[in-house]
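Overview (structure and organization)
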Amino acid sequence: MPNMSLDDFMEVPEPPAATKLADRFEYPVGYNFAFVGVGQGGGRIANTFASLGYSRVAAVNTTIGDLSELTDLPVTSKLDVGNARGAGKDPEAAAALIGDKRDVLFDLYKQSLGDDPDYVFICLAAAGGTGAGCFSTALEVAREYLASLKRDVKVGAIVALPKDSEGQRYAINAVHTFKCLRNLGKISPLIFIDNEQFRLLFSATPATQEKAKSNVMTAQLLHAFNRIAALKSSDMGGATFDRADFGKLLDSGIVAFAAHKITNWSSPADFAAPIRDRLKQNCLASIDLSHGSVAGLLYGLAGRAYDEVTVAHTDYGVEAMTRLMCNAGKPTTVFTGMYPLDGADIVSVMAMIGDLPWPTGRVEALAKVAGLQKNELAEFLRV
């Protein structure tokens, strides 16, 4: 028997170090958000969050040209699954291109999303060929990735819908996207950016800024809620909106949100109309807000408002939100928070409402543009 020593045995290697990524904020946030942009439109949405300081961001496309415009993402966070061929607005072609890339996609998440995301948002334009064709795979792999980390599997989506004027091909792709969304089970939170609604509300916006501005509005509001959720109650006067409250909203399915500034608070009733009207007039998809069951209502008080706004004012705002959700048919909850702000005499109001129904009216309008009959739509979407 040959001489042997313990040095002849292979040592078990140390486990790999966790991939920890830090957002580029000078302040804490409630949750570690991660964003995966799929397709050109989805990549732009994800890039918007990267520009705000989020570091857990990746983008997937079927052509390198669309990825190159995402200047806030490092090259290592971009994945071309189409060998520069593109999908040509064809979801089936895009699905075929990404079908055998699941392992490569998983590796992208490992490198670009790190080991500690709390929520992963899949971002896409519903009308795009790559977005409509690849997002299902991107979402499924995100679920697998979170499960591999032994973390809660919380995967949401931010979905941009086309304008009616963009035509039949775009509408067909959007309806296809709705079908896929329905078949993927619970996606939470699910946020719809409706570019048709944005067109109606902001018709004076320069055409070159239209989609960028709707993306920024959505990103800033979601980020503001995430930032406020990390504020400590000991630093604030009055009620605070905490991480657990925000988590209940994020886990409630389809959500919508809006913001408004109040300059007159002579009566508590002055708090009702802005909350009610701003939620109904937002750039998110037209959804029946009366069927929501959970909401967040946050007040920022600056100047005279800090001393003059009373409990009667803020309570009336909560009552207005509760009345708005009158058709939910189940108990409703409104989480509130009040925070001091620097600046002129003003009340800044932010509202978010969740547990909303599918935007069937918007789907029906897109189906009409797509040329689908109503009975086809009912069978197609089960709505």
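Attention in this report is confined to the structure presented alongside it. (Residues numbered from 1 in each chain as written. Predicted model: local features only at pLDDT ≥ 70, side-chain atom pairs only at ≥ 80, totals over all residues. Heavy atoms only, no water.)

Moving on, we get to the overall build of the protein. On a plain count of helices and strands, the protein comes out with 14 helices and 10 strands. A total of 383 residues make up the protein; the buried ones form 50% of that total. Relative to all contacts within the protein whose residues are 6 or more apart in sequence, the contacts with residues 24 or more apart total 78%. Carbon and sulfur atoms form 52% of the exposed surface of the protein, whose accessible area is close to 17500 Å². (Helix = DSSP H or I, 4+ residues; strand = E, 2+ residues; numbered from the N terminus. Buried < 20%, exposed > 50% of the residue type's maximum accessible area, 1.4 Å probe, protein only. Contact = heavy atoms within 4.5 Å. Areas by Shrake-Rupley, 256 points an atom, 1.4 Å probe, with all protein chains shown as cover.)

To describe a pair of aromatic rings, one takes the distance between the centres and the angle between the planes. One pass over the full model with this rule turns up 22 aromatic pairs. Between the aromatic rings of Phe25 and Tyr27, the centroid separation amounts to 5.4 Å while the plane-to-plane angle is 5°, which identifies the pairing as stacked. Residue classification places Tyr27 among the partly exposed residues on the basis of a relative accessible area of 27%. Geometrically, the ring pair formed by Phe25 and Tyr54 is edge-to-face, given 4.9 Å between the ring centres and 85° between the ring planes. (Phe/Tyr/Trp six-rings, centres within 6.5 Å; stacked < 30°, edge-to-face > 60°.)

Below, the discussion takes up the side chain of Asp116. On the secondary structure map, Asp116 appears in the loop between helix 4 (102-112) and strand 4 (119-125). Relative accessible area serves as the criterion here: at 12%, Asp116 is assigned to the buried category. Look past the residues within four positions of Asp116 in its chain and what remains in contact with it is Lys20, Leu21, Asn32, Arg56 and Arg151.

Along the polypeptide, Asp103 turns up in helix 4. Assessed through its relative accessible area of 62%, Asp103 is described here as exposed. Along the backbone, Asp103 and Val141 are 38 residues apart, and their C-alpha atoms lie at a distance of 8.6 Å.

Counting 67 residues, the largest nonpolar core has Leu105, Tyr109, Ile122, Val159, Phe192, Met321 and Val347 as the members making the most contacts within it. Looking at this core, the element that brings in the most residues is helix 5 (residues 129-148), giving 8 residues. Residues Val29, Ile45, Ile193 and Ala229 belong to the second largest nonpolar core, which totals 40 residues. (Core = buried A, V, L, I, M, F, W, Y, C linked by side-chain atoms within 4.5 Å.)

Right, let's talk about the packing of helix 5 against helix 6 (residues 168-183) for a bit. The packing of two helices is summarised by the inter-axis angle and the distance between the axes. For the pair helix 5 and helix 6, the least separation of the axes is 9 Å and the interaxial angle reads 10°. Classed by the angle they form, the pair helix 5 and helix 6 counts as roughly parallel. Residues Gly129, Ala132, Phe135 and Ser136 of helix 5 form the contact with helix 6, whose own contacting residues are Asn173, His176, Thr177, Cys180 and Leu181. Here the contact of helix 5 with helix 6 is composed, by residue class, of 4 nonpolar, 5 polar and no charged. (Axes fitted to C-alpha atoms, helices over the stretch in contact; angles between N-to-C directions. Parallel < 35°, antiparallel > 145°, perpendicular 65-115°, else oblique. Nonpolar A, V, L, I, M, F, W, Y, C, P; charged D, E, K, R; others polar.)

This brings us to unusual backbone geometry. In the segment running from Ser188 into Pro189, the intervening peptide bond is cis, with an omega of -5°. Checked against the element boundaries, Pro189 lands in the loop between helix 6 and strand 6 (190-194). The backbone phi angle of Lys150 is positive, close to 60°, even though this residue is not glycine. Looking at the secondary structure, you find Lys150 in the loop between helix 5 and strand 5 (155-161). With a relative accessible area of 74%, Lys150 lands in the exposed category. Its identity as a non-glycine residue notwithstanding, Asp355 has a phi of 60°, on the positive side. For Asp355, the location among the structural elements is in strand 10 (residues 346-356).

Of all the 6 residues making up strand 1 (residues 33-38), 6 are buried; the element is thus mostly covered by neighbouring parts of the structure. Here strand 1 shows a buried face lined by Phe33, Phe35 and Gly37 and a second buried face lined by Ala34, Val36 and Val38. Relative to strand 4, strand 1 is paired through 6 bridges, and the arrangement is parallel. The residue bridging Val36 from the neighbouring strand is Ile122, located in strand 4. (Pairing = 2+ DSSP bridges.)

Let's shift gears to the pattern of salt bridges. Across all of its chains, the model carries 15 salt bridges by this definition. Of the charged contacts in the structure, one is a salt bridge between Glu69 and Arg44, with a shortest N-O distance of 2.6 Å. Pair noted here: Glu69 is in the loop between helix 2 (64-68) and strand 3 (78-80) and Arg44 is in helix 1 (residues 39-52), with a separation of 25 residues, a long-range link. Glu69 gets classed as partly exposed once you look at its relative accessible area, which sits at 32%. Two residues, Asp355 and Lys330, come together in a salt bridge whose shortest N-O distance is 2.7 Å. Linking Asp355 in strand 10 with Lys330 in the loop between helix 12 (311-324) and strand 9 (333-341), this pair joins segments that are 25 residues apart in sequence. For Lys330, a relative accessible area of 40% corresponds to the partly exposed category. (Salt bridge = Lys/Arg side-chain N within 4 Å of Asp/Glu carboxyl O.)

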